[in-house]
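Chain by chain, the residues run as shown.
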Amino acid sequence: MQLLQYFLFFIGCFRLFCSFKFLINPVSIFSYAYPNVKKEVFLGLFSRIAFLWFFTTGSMTIACSQDIENKTLFFLTWMTFVYGLGHHIVEYLYFRTTEIKNNLVQFSLAFPLIIIMGSIMISW
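Keep in mind the model is a prediction, meaning the values are calculated, not measured.

Student: Got a sec to walk through the pattern of salt bridges? Specific residues and values, please.
Tutor: Opposite charge on two side chains permits them to pair, given that their charged atoms come into close proximity. Tallied over the full model, the rule gives 1 salt bridge. Between glutamate 99 and lysine 101 there is a salt bridge, with the nearest N and O atoms lying 3.8 Å from each other.

Structure follows, in structure tokens:
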């Protein structure tokens with residue numbers, strides 16, 4: 001359980017870093033995640049929404065790593081990983097706005113956490 005706490009803390013810090021990166025440099029979202037979309041589509045509003053999403057989920061993940069026995073917070077953190085992974089899968093399979101190589105970090109970090117956190121919730 002302590003290893004999961006450290007890993008959640010790392011993921012939360014990574015999300016917070018990404019949130020400020022998207023706020024400071026909105027073009028980074030365009031260049032990394034959406035190479036198939038025209039640059040004119042990305043406005044400042046999109047980068048602010050991405051900032052809010054990453055900042056909120058990063059803060060929630062860090063809070064969950066500090067209080068891992070809080071079942072409500074644990075479930076909400078798990079749902080952020082499920083929603084994030086589902087979002088990237090839909091963008092890849094349905095909208096075709098991203099490539100699989102640009103989502104490898106999301107897939108490799110979210111999928112194991114979904115399985116591990118889900119198995120912990122089942123055992124409660």
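Having put the structure on the table, let's press on.
Student: Quick one: what's the story with helix α4 (residues 71–95), residue by residue and with numbers?
Tutor: Working note: α-helix, 3.6 residues per turn, so residues spaced by three or four point in the same direction. Counted at 1.5 Å a residue, the expected span for α4 with its 25 residues is 36 Å, and the 34 Å between its end C-alpha atoms agrees. Within α4 the residues assigned to the buried category are Leu73, Phe74, Thr77, Trp78, Thr80, Phe81, Gly84, Leu85, His88 and Glu91. Elements in contact with the buried residues of α4: α1 (2–24), α3 (44–66) and α5 (104–123). Two or three places before threonine 72, at the start of α4, stands the capping residue asparagine 70, its side-chain oxygen 3.3 Å from that residue's backbone nitrogen. Positive phi appears at arginine 96, one or two residues downstream of α4, with a value of about 55°.

Student: Provide a residue-level description of a nonpolar patch on the surface, including the pertinent values.
Tutor: Nonpolar side chains collect at one region of the surface, where Phe20, Leu23, Ile24 and Phe55 lie side by side and expose about 390 Å² of accessible area between them. In terms of residue count, α1 provides more of the nonpolar patch than any other element does, 3 residues in total. Mapped onto the elements, phenylalanine 20 comes out in helix α1.

Calculation notes
- Residues numbered from 1 in each chain as written.
- Predicted model: local features only at pLDDT ≥ 70, side-chain atom pairs only at ≥ 80, totals over all residues.
- Heavy atoms only, no water.
- Salt bridge = Lys/Arg side-chain N within 4 Å of Asp/Glu carboxyl O.
- Helix = DSSP H or I, 4+ residues; strand = E, 2+ residues; numbered from the N terminus.
- Expected span 1.5 Å × (residues − 1).
- Buried < 20%, exposed > 50% of the residue type's maximum accessible area, 1.4 Å probe, protein only.
- Contact = heavy atoms within 4.5 Å.
- Polar contact = N/O pair within 3.5 Å; in protein donor to acceptor, adjacent residues only side chain to side chain.
- Patch = residues over 30% accessible without salt bridge, like charges linked within 9 Å, V, L, I, M, F, W, Y side chains within 5 Å.
- Areas by Shrake-Rupley, 256 points an atom, 1.4 Å probe, with all protein chains shown as cover.

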